[in-house]
Amino acid sequence: MEFKQLVDTAEKWCSGNPFDLIFAEEVDERRLDFYAEPGISFYVLCPDGMTGGGDNFHVWSESEDCLPFLQLAQDYISSCGNKTLLEVLEKVFRSFRPLLGLPDIDDDTYEQYHADVEEEAETDHQQMGVSQQ
């Protein structure tokens, strides 16, 4: 993907969350830098398929406070299959939700899923009879 398209995708992504795209550099690294208050920063190195560069995105932060939160996104990127910039940025945003003071959406999803499973299990249990022969 052309770097201009990556920058456009990043800017669109920023419009829906607290992060700002503060730097975009194509010449050496194809790097996109992001920042949000309170001092949360990270950057994404974008693959360059045209010049034989790496196949995957890479996320990192120069802030030691932010690095542990990027582990989820780094694991996601290194898992099977090619990822889009938008998928990577969404995973980073999800990782940083606690630092941004936002609720962790994984917990909500788990609770909703868990409640649905319990509800289904109770229904199945009532329909299944145990024969005692």
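Below: a short report on this structure. (Residues numbered from 1 in each chain as written. Predicted model: local features only at pLDDT ≥ 70, side-chain atom pairs only at ≥ 80, totals over all residues. Heavy atoms only, no water.)

### Some details on helix H2 (residues 71-78)
Moving on, step 1. Burial in H2 covers these residues: Ala73, Gln74 and Ile77. End-on, the buried residues of H2 take up no more than an arc of 100°, which puts them together on one face. (Buried < 20%, exposed > 50% of the residue type's maximum accessible area, 1.4 Å probe, protein only. Helix = DSSP H or I, 4+ residues; strand = E, 2+ residues; numbered from the N terminus. Arc of directions from axis to C-beta.)

### So, the pairing of strand S1 (residues 20-25)
Within a regular beta strand, the side chains point alternately toward one face of the sheet and then the other, so they alternate between its two faces.
Moving on, step 1. The sheet contact formed by S1 and strand S2 (residues 31-36) spans 5 bridges and is antiparallel. Residue pairing for S2: Asp20 is matched across the bridge by Tyr35.
Moving on, step 2. Hairpin connection from S1 to S2: 5 residues lie between these consecutive antiparallel strands, with Arg30 at a positive phi of about 50°. (Pairing = 2+ DSSP bridges.)

### A few points about the packing of helix H1 (residues 3-14) against helix H3 (residues 85-96)
Moving on, step 1. Two elements in contact, H1 and H3, have axes separated by 10 Å at closest approach and are oriented at 35°. At the point where H1 passes H3, the crossing takes the right-handed sense. Contact with H1, carried on its side by Leu6, Thr9, Ala10 and Trp13, involves Leu85, Leu86, Leu89, Glu90 and Phe93 of H3 and no other residues of that element.
Moving on, step 2. Residue composition of the contact of H1 with H3, by class: 7 nonpolar, 1 polar and 1 charged. (Axes fitted to C-alpha atoms, helices over the stretch in contact; angles between N-to-C directions. Left-handed = near helix turned anticlockwise from the far one by under 90°. Contact = heavy atoms within 4.5 Å. Nonpolar A, V, L, I, M, F, W, Y, C, P; charged D, E, K, R; others polar.)

### Examining the packing of aromatic side chains
Moving on, step 1. Under the counting rule described, the total for this entry stands at 8 aromatic pairs.
Moving on, step 2. With centroids separated by 5.6 Å and ring planes inclined at 90°, the aromatic side chains of Trp13 and Phe34 adopt a geometry described as edge-to-face. Remark: Phe34 occurs in strand S2 and Trp13 occurs in helix H1; sequence separation between them is 21 residues. With respect to burial, Trp13 and Phe34 carry one shared label: buried.
Moving on, step 3. Note on Phe34 and Phe42: the rings are 4.8 Å apart at their centroids and 15° apart in plane angle, and the pair reads as stacked.
Moving on, step 4. Put simply, the rings of Trp13, Phe19, Phe34, Phe42, Phe69, Phe93 and Phe96 touch in pairs and so form one group of aromatic residues.
Moving on, step 5. Stacked on the ring of Tyr43, the Lys or Arg Arg31 has its end atom at 3.6 Å from the ring centre.
Moving on, step 6. Between the NZ or CZ atom of Lys83 and the centre of the ring of Tyr76, over which it lies, the distance is 5.0 Å. (Phe/Tyr/Trp six-rings, centres within 6.5 Å; stacked < 30°, edge-to-face > 60°. Lys NZ or Arg CZ within 6 Å of the ring centre and 35° of its normal.)

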